[in-house]
Amino acid sequence: MASWTILFIMGHIRDLFRRRYTPDRKGYAPIRQDYEDFYTRRMFYRIHDCWNRPICSAPDSHIDVMERTPVNGQKPLTLTGRVRRCLNLGSYNYLGFAASDEYCTPRVLETMNSYGWAMCSSRLDAGTTPVHMELETAVAEFVGKEAALTFGMGFATNSIVLPALVGKGGLIISDSLNHASIVAGARGSGAKVKVFAHNDVDHLESVLWKAIAEGQPRMRRPWKKILIVVEGVYSMEGEAAKLAAIVAVKRKYKAYLYLDEAHSIGALGKGGRGACEAQGVDPADVDIMMGTFTKSFGSCGGYIAGDRDLIAYLRSVAPGHYYATSMAPPAAQQIISALQVIRGDDGTDRGARKIAALHENSNYFRQRLQEMGCNVLGDWDSPVMPLMLFNPGKIAATSRLCWERGVALVVVGFPATPLLTARARICISASHTRKDLDYALEVLSEACDLVMTKYHASKKMLTNGAHVMVNGH
Amino acid sequence: MPIPLSTTLLFAILLVAAAASPQGSHIKQYPSTVPVEHARNATHLQGLMQLLPHTMLEVVSRAKVLLGTAAENATPVGLLQAVRDFWDLLKPGGKLHPTYIIEHQGHLVFEVVLTVVIAYLLFQRSYKPSAKQEKPLTEKEMDELCAEWQPEPLCGPLTDAQRNFEPPVISSAAGAYVVANGKKALNMVSFNFLGVAGDISIKEAARATINKYGVGSCGPRGFYGTIDVHLDLEERLARFMGTEESIIYSYDLATIPSVLPAFANAKDLIVCDEGVSFPIQNGCHLSRASIRRFRHNDMADLERVLQEVDVEYRRLRKPLNRRFIVVEGIYLHSGDLAPLADIYRLKEKYKYRLVVDESLALGVLGEHGRGACEHWGLRAGDAEIVSASIGNALGSVGGFCAGDREIVDHQRLSGLGYCFSASLPPFLATAAIGALDVLESDAPRLLPALAFNARLLRSRLADIPGVEVEGTPRDAVSPVAHVRLAEQPDAPDQAQVLLQRVVDAALKRGGVLFTVHRMSPLDRVRSAPSIRVVVTAMHTEKDVLKAVAALTAGVKEVCKVSRVATRSSYMTLGGT
């Protein structure tokens, strides 16, 4: 923390001189305000080799990471031409569909032969192919809803659909750690947004109770509708929403529930059907099921699933359906094929084995990390494992140590997380072998020793303190 | 205890008044009868103590005399005398005149009284209407309110037309001819301007990419989602656009809504055309900047807005903020061109930054196909921020933004759709690179062919009776033409229904695929419904004529039908 404070002070001193010596275009305000990119200039550029590392292979269990020149001021890093084979703990390749697949890839290529790779038109005009229709039917069936609608990007699915569902006079109650796309969608909707403490159902209830009783601010009219937005698995926490309790609250107060399954679809539940299956909640109790195809299915895009009427309504409202280029048919085919494998429609039990392997790998890795004394967040079975570093100064050290030992690790700091809860995020895949995991654990253990992040190691002394830190962040 | 604002104000006013009053110089000119020296020699308080009884006694005795005289001689003369005597006391110089009283330290009496009043007010309880009138809700009441509350249904009402509309299903690649609803049809819908979305060499490259990298990238750019082909595409796009750098987004609808909020915030100003497409509207909204709109393509109105802003900022002395003019190269909603040469002149004059969305103009306008900026003679960098979809002429999916390193680099941490979304599937990046290859090598052949087709299409469409084409002669090179009914029906949705029938008829009998340009209810723009006709470089002259013929026949058929329908509805009305 001291290092960070020094950087902060030095940065501001340097900024004083920077302002003096870099004249702006006359009559124009600077395009980047000092306070906006202070973090970028003074903090991020010192350690920006930890992010945006380019790769030149499929994002499978191992990746070829392209080496770059060391950090040199604010100059862009250039490629050295060398490539390092790394164990991949970063990609959202939960079920291992990222690489070329014996079942999916031939079908994808076949689709590209018949429909090309892009329709150059929106879904409403001439961008709907039989592949899109098949995909929507398959997704609806898989998540247990009547109908589904797909978009070409997961982020945009949230940011486009939320404004179509709730508008002025409505209320969105959002988990405090919801993804940026939900925040963007909520902000774009014009509805009032209230936030409840992360995964705290009691707080959700009290927010809801108070909001309904008080009605709209100033106008005092009752809300038109209230939408609770939660995520199946929170991408930076690895925890699942407490669905059963949330459903009970939502029913009691007649609110609607929007579940973002970006990280849980395909990954949670015995059949990979997401958070509902894993927690034994009837999908009928969730009004809007959203998810993305980027993670478990190894493709791109997102879906919204719900009642037939709801989907028909969204088709007639959602701008993504009107204006965006429709999803690439090969990408859509990849999802259909992956779904078939997961459901066992390919005639093998490969899908079931993948899901079982994912859970087994995740639980093994999580348990070993905990035994090592690392502070790991998240639930069992969840393939997302935040390994807490807390101190922002430890971000670069952890990342570089792992990179030198051939492990590609994702580290996250401010602004994606609060300043003092920097973390490394590990994503486990079904394609990792036990040997891979053991190697990763060995490297992580060494790295954690060096940067001293085994916060639970001296448990006897720290039991209470550490728990406070885990729960109180 | 909180002091109410009104009391404080009153206190302040009174203090000022009290402090100012004895110094009034005009007071001194009146003669006085009271021994002034005596009062001056004493301290203020002593003077006051001595003066008060003196003045009061005199006033009281005078009043008694007056009243007595008035009562004794209740005659008009007596009354008149009484009034005169009273006036003597009251007039300037009289002992009841405020000046006299103040002159003789009488203001101290006022000051004491006022101080007492103020002290009284200060120690009053502050007045809170809500505290007295409304008690907070009890838990029981809140529970009741919660039980009473009934939400609106999650989805709004749907018209039958909305519910029943099924877009055509295309079961072929997006070439000049497609298989629409199982039937081969001439494609006048796809924005595949250069015909790259079926190119064999590109397909081979995309196939190789899928074999090597799989389909998805499984991560955002920051977290091992940057694949070498992304870097290649960014470099190629930057080189093509003549800018320092470029940045790719994985969805066209997320590009501008990420770019604008990265640079504009609540303190900044965006001036945009009224007819801009949804992504720009969304971007403006998400940025929270203050937004001014000018009439579509009306340069006089743009200058008026810029001038108004200028005057307002000078008057209010607002600090210099970032100001942007946002326009589209070719407007999606009307198919016409933004007059960028004029806009550039204005933006330089008033010191704005120019943001151009080249989604429909990239690969279409300009000698090299760089878009509207090139078409209007702007150099690279004249428009500070240029963004475009790569889903149209480049025949892929996604979008990009090109500009100086400063502009692009900032988006890599601040562009929401860039940071928080998985990157573009690598094979789509390869496809876009292939399209750039085609554009760079074949531009001298493809672009004139496209411009020729556009001119031909627009001139022929203008000849169809019963409809008109949006745009002026300067828009002749735009390959996107909006065809509207010349006479709009009275019923609001009727035009769209009629046009849909024209489109259906053209597909069924003419074998040509058109589309009605539909707008999302969330879109701000509300223009009369139109059929959007898109011509590409792949179309032959014969194709264009065929399309025009099919549209003519469709319009003729449907407008006749509608006239009959109108008449029959009149007859029904008359019958009942």
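Remember, it's a predicted structure, so these values are computed and weren't measured experimentally.

Focus: the overall build of chain A
Helix and strand content of chain A: 16 helices and 13 strands. In terms of overall dimensions, chain A is globule-like: its C-alpha atoms have a radius of gyration of 23 Å, near the 23 Å expected for 473 residues. For chain A, the C-alpha atoms occupy an extent of roughly 60 × 60 × 55 Å along the three principal directions. A total of 473 residues make up chain A; the buried ones form 64% of that total.

What about the interface of chain B and chain A?
The interface of chain B with chain A comprises 113 residues on the first partner and 117 residues on the second. For the chain B and chain A pair, buried surface summed over both sides reaches about 9,800 Å², with 65% attributable to carbon and sulfur atoms. A per-residue breakdown of the area chain B buries against chain A is headed by Trp149(B), Leu154(B) and Tyr224(B), which together make up 11% of the total. Taken together, chain B and chain A are joined by 3 salt bridges. Between Arg32(A) and Glu406(B) there is a salt bridge, with its nearest N and O atoms 3.9 Å apart. Where chain B packs against chain A, one counts 39 residue pairs in polar contact (both at pLDDT 80 or more). Here the side of chain B that touches chain A takes 8 residues from helix α10 (residues 200-213) of chain B, the largest share from any one element.

Quick word on the nonpolar core
Phe365(A) and Leu369(A) are the most contacted members of the largest nonpolar core, which has 273 residues in total. If one sorts the elements of this core by residue count, helix α20 (residues 426-462) of chain B sits on top with 14 residues. Excluding its chain neighbours within four sequence positions, the residues that come into contact with Leu369(A) are Cys374(A), Val376(A), Met385(A), Leu387(A), Ile426(A), Leu441(A) and Leu444(A). Judged by nonpolar contacts, the second largest core, of 31 residues, contains Leu461(B), Val467(B), Val503(B) and Ala550(B).

Description of the packing of helix α5 (residues 154-165) of chain A against helix α10 (residues 308-317) of chain A
All names here are of chain A. Close contact between α5 and α10 brings their axes to 10 Å; oriented N to C, the two are set at 105 degrees. By the angle between their axes, α5 is roughly perpendicular relative to α10. Contact residues: Val-161, Ala-164 and Leu-165 in α5; Leu-310, Tyr-313, Leu-314 and Val-317 in α10. Of the residues contributing to the contact of α5 with α10, the split by class is 7 nonpolar, no polar and no charged.

Notes on the confidence of the model for chain A
Confidence along chain A averages 90 in pLDDT terms, with 95% of residues attaining 70 or more. With pLDDT under 50 throughout, residues 460-473 of chain A is counted as low confidence; its partners more than four residues away or in other chains account for 10 contacts.

Thoughts on helix α12 (residues 329-343) of chain A
All names here are of chain A. In a regular helix each residue adds 1.5 Å, so 15 residues correspond to 21 Å; α12 covers 21 Å between its end C-alpha atoms and thus fits that length. Among the 15 residues of α12, 13 are classified as buried, and the element is accordingly described as predominantly covered. Looking one or two residues past α12, Gly-344 carries a phi angle of roughly 80 degrees, positive in sign.

As for the sheet that holds strand β7 (residues 353-357) of chain B
All names here are of chain B. Strand order in the open sheet made by the 7 strands is β3-β9-β8-β7-β6-β4-β5, with mixed pairing throughout. In the strand order of this sheet, the two ends are held by β3 (245-249) and β5 (290-294), each with one partner. In this sheet, adjacent strand axes meet at a mean angle of 20 degrees when their direction is disregarded. Relative to strand β9 (residues 399-403), strand β8 (residues 385-389) runs antiparallel, the two sharing 4 bridges. By the bridge assignment for β9, Ala-388 is matched with Phe-400. Contacts from helix α16 (residues 340-349) reach β6 (323-328) and β7 within the one sheet, and its direction differs from that of β7 by about 155 degrees.

Basis of the calculations
- Residues numbered from 1 in each chain as written.
- Chains lettered and ligands numbered in written order.
- Predicted model: local features only at pLDDT ≥ 70, side-chain atom pairs only at ≥ 80, totals over all residues.
- Heavy atoms only, no water.
- Helix = DSSP H or I, 4+ residues; strand = E, 2+ residues; numbered from the N terminus.
- Rg over C-alpha atoms; globule rule 2.2 N^0.38 Å.
- Buried < 20%, exposed > 50% of the residue type's maximum accessible area, 1.4 Å probe, protein only.
- Contact = heavy atoms within 4.5 Å.
- Buried area = accessible area lost by both parts, 1.4 Å probe.
- Salt bridge = Lys/Arg side-chain N within 4 Å of Asp/Glu carboxyl O.
- Polar contact = N/O pair within 3.5 Å; in protein donor to acceptor, adjacent residues only side chain to side chain.
- Core = buried A, V, L, I, M, F, W, Y, C linked by side-chain atoms within 4.5 Å.
- Axes fitted to C-alpha atoms, helices over the stretch in contact; angles between N-to-C directions.
- Parallel < 35°, antiparallel > 145°, perpendicular 65-115°, else oblique.
- Nonpolar A, V, L, I, M, F, W, Y, C, P; charged D, E, K, R; others polar.
- pLDDT = per-residue confidence, 0-100.
- Expected span 1.5 Å × (residues − 1).
- Pairing = 2+ DSSP bridges.

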